[in-house]
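Chain by chain, the residues run as shown.
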Amino acid sequence: MTADPCRPRLELAPAACELSNRREFLTGACALLASVAVASHRVTGRAADSPAAGKLNALLARLFDEQMREDPQGMTSLGLDQGAGEWAKSKLNDRSSAQVQRMIGLRQRWLRELAAIDAAGLSGLPAANLAVVRYEMELALRGAQSFSYGRDGFPAPYVISQITGSYQSVPDFLDTQHVIANSQDAEAYLARLSEFARVLREETAWAAANAAAGVRPPGFIVDKTLAQMRLLRNTPLEEGSLVASLVRRTAAKGISGDWSRRAAAIVSGPVHAALDAQIELLQVWQKSAREEAGVWALPRGQEYYRFATHYQTTTAQSPADIHALGLDLVAKLSAELDSLLKRQGMTEGSVGARMASLYKDPRFIYPDSEAGRAELLRYLNERVKAVSAE
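Procedures and definitions
Residues numbered from 1 in each chain as written. Predicted model: local features only at pLDDT ≥ 70, side-chain atom pairs only at ≥ 80, totals over all residues. Heavy atoms only, no water. pLDDT = per-residue confidence, 0-100. Contact = heavy atoms within 4.5 Å. Salt bridge = Lys/Arg side-chain N within 4 Å of Asp/Glu carboxyl O. Helix = DSSP H or I, 4+ residues; strand = E, 2+ residues; numbered from the N terminus. Core = buried A, V, L, I, M, F, W, Y, C linked by side-chain atoms within 4.5 Å. Buried < 20%, exposed > 50% of the residue type's maximum accessible area, 1.4 Å probe, protein only. Axes fitted to C-alpha atoms, helices over the stretch in contact; angles between N-to-C directions. Parallel < 35°, antiparallel > 145°, perpendicular 65-115°, else oblique. Nonpolar A, V, L, I, M, F, W, Y, C, P; charged D, E, K, R; others polar. Left-handed = near helix turned anticlockwise from the far one by under 90°.

Enquirer: So what exactly am I meant to see when it comes to the confidence of the model for the protein chain here?
Expert: Predicted coordinates in areas of low pLDDT are best not read in detail. The predicted model of the protein chain has a mean per-residue pLDDT of 88, with 87% of residues at 70 or higher. Across residues 1–27, confidence stays below pLDDT 50; counting only partners more than four residues off in sequence or on other chains, it has 57 contacts. Scored below 50 in pLDDT, residues 41–47 shows 7 contacts in the model against residues more than four places distant or in partner chains.

Enquirer: What is the right way to look at the pattern of salt bridges in this model?
Expert: Note that side chains of opposite charge can pair when their charged atoms are close. Taken as a whole, this structure holds 22 salt bridges when the rule is applied. The partner of arginine 109 in a salt bridge is glutamate 66, with the nearest N and O atoms 2.5 Å apart. Taken together, the positions of arginine 109 in helix H6 (residues 97–115) and glutamate 66 in helix H4 (residues 51–69) put the pair 43 residues apart, joining distant regions of the chain. Linking arginine 198 and glutamate 202 is a salt bridge whose minimum nitrogen-to-oxygen distance equals 2.9 Å.

Enquirer: Could you clarify how one ought to interpret the nonpolar core in this entry?
Expert: As a rule of thumb, soluble globular proteins bury nonpolar side chains together. Grouped together as the largest cluster of nonpolar side chains are 39 residues, with contacts concentrated most on Leu193 and Leu246. The contact partners of leucine 246, leaving out residues within four places of it in the chain, are Ile180, Ala186, Tyr189, Leu190, Trp259 and Ala263. Core analysis: the next-biggest nonpolar cluster, separate from the first, contains 19 residues, Leu63, Ile104, Val133 and Ala144 among them.

Enquirer: Quick question: what am I supposed to make of the side chain of histidine 272 here?
Expert: The topology assignment puts histidine 272 in helix H12 (residues 259–287). Judged by relative accessible area, which is 9%, histidine 272 ranks as buried. Among all residues touching histidine 272, those that are not within four sequence positions of it are Arg233, Leu237 and Val267.

Enquirer: Teacher, can you tell me more about the packing of helix H9 (residues 183–212) against helix H11 (residues 241–253) here?
Expert: With their axes 11 Å apart at the nearest point, H9 and H11 run at an angle of 175° to one another. Taken together, the axes of H9 and H11 are roughly antiparallel relative to one another. Across from Ala186, Tyr189, Leu190, Leu193 and Phe196 in H9, the residues of H11 making contact are Ser241, Leu242, Ser245, Leu246, Arg249 and Thr250. Residues of the contact of H9 with H11, tallied by class, amount to 7 nonpolar, 3 polar and 1 charged.

Enquirer: Hey, could you run me through the packing of helix H10 (residues 219–234) against H12 in this one?
Expert: Geometry of a packed helix pair, given as the angle between the helix axes and the separation of the axes. Across the interface, H10 lies against H12 with an axial gap of 10 Å and an inter-helix angle of 155°. Classified by the interaxial angle, the pair formed by H10 and H12 is roughly antiparallel. The way H10 lies across H12 gives a crossing that is left-handed. Here Val222, Asp223, Thr225, Leu226, Met229, Arg230, Leu232 and Arg233 of H10 lie close against H12, whose contacting residues are His272, Leu275, Asp276, Gln278, Ile279, Leu282, Gln283, Trp285 and Gln286. Partitioned by chemical class, the residues of the contact of H10 with H12 number 8 nonpolar, 5 polar and 4 charged.

Listed below in structure tokens is the structure:
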């Protein structure tokens, strides 16, 4: 087990640690509304008792429920696919272009309802909640309305690539997030396998429409995507996670049933047929794929890039200014790291090469033992406390 490169005994500066430890702050409106819903329940004092705050909290709770009805996978991720939400456990998200239009209409209505809240009657956390939720929804709506390609309101231009598409996300989702505790859960897993074929077909149609409008990934992305798709397609059924996950976990729980045969029939039938159609589409792209990587080559690509930089940074700075800032920051951090690495006696090679060798240095690797794992957990808990205090 390799130590965190920001472990204090390496004496790396906080600035360097901040960049390497940062993750996406929000992944979408569902996570945003969930966090706001929790925060709203913690509000105390005059702001929470105001009529406007009460109306806002009730509205946010309802919007969260409406958002969840459009996101059964999100419900599973949040542990809400039980009781009244059990319907979600056998569903996967709608990935059709029609759903994009549906979400545009929903966001427009949600924003009208948020605008009806008396913002002047809010202060503190409720005021912040309203501002943050409106900002997120307005930004996603602007992206979805301004650009007819890519993910719904989020700056990822290709429906299918080496890092986007259900072909690479759903198998992991089913294996790591779909809980199997009883036979009903196993049946829901099989239902989701059938849904997987539907989702693949929807994304193939959506990606084909984008390609017809001039939006398709460059050749090197198409090559990598095809390699991943073929690996999924050609892995023996009993070894692939789509079947093996269900078999392994039902066996562990002692849930009897012909799970292997039933899952294999779905995967070898509708799932493989849908995946073959997606592979065929990318093979067509491969024959005439461009090699330029920049989104500037896409329709209104410069505007798309500006939207993407604003979405990811919230700043109104131009992409060129952000790039210059990044280069300056990398230079400063590299100089700082160079000094810190030299203190460790590491003087040869580039900063990147020395950082790579740091991961292999026995001094900074936890023992692969129970004691080593316990030491690692202690360290991680200490870091969580330190970050929470900040």
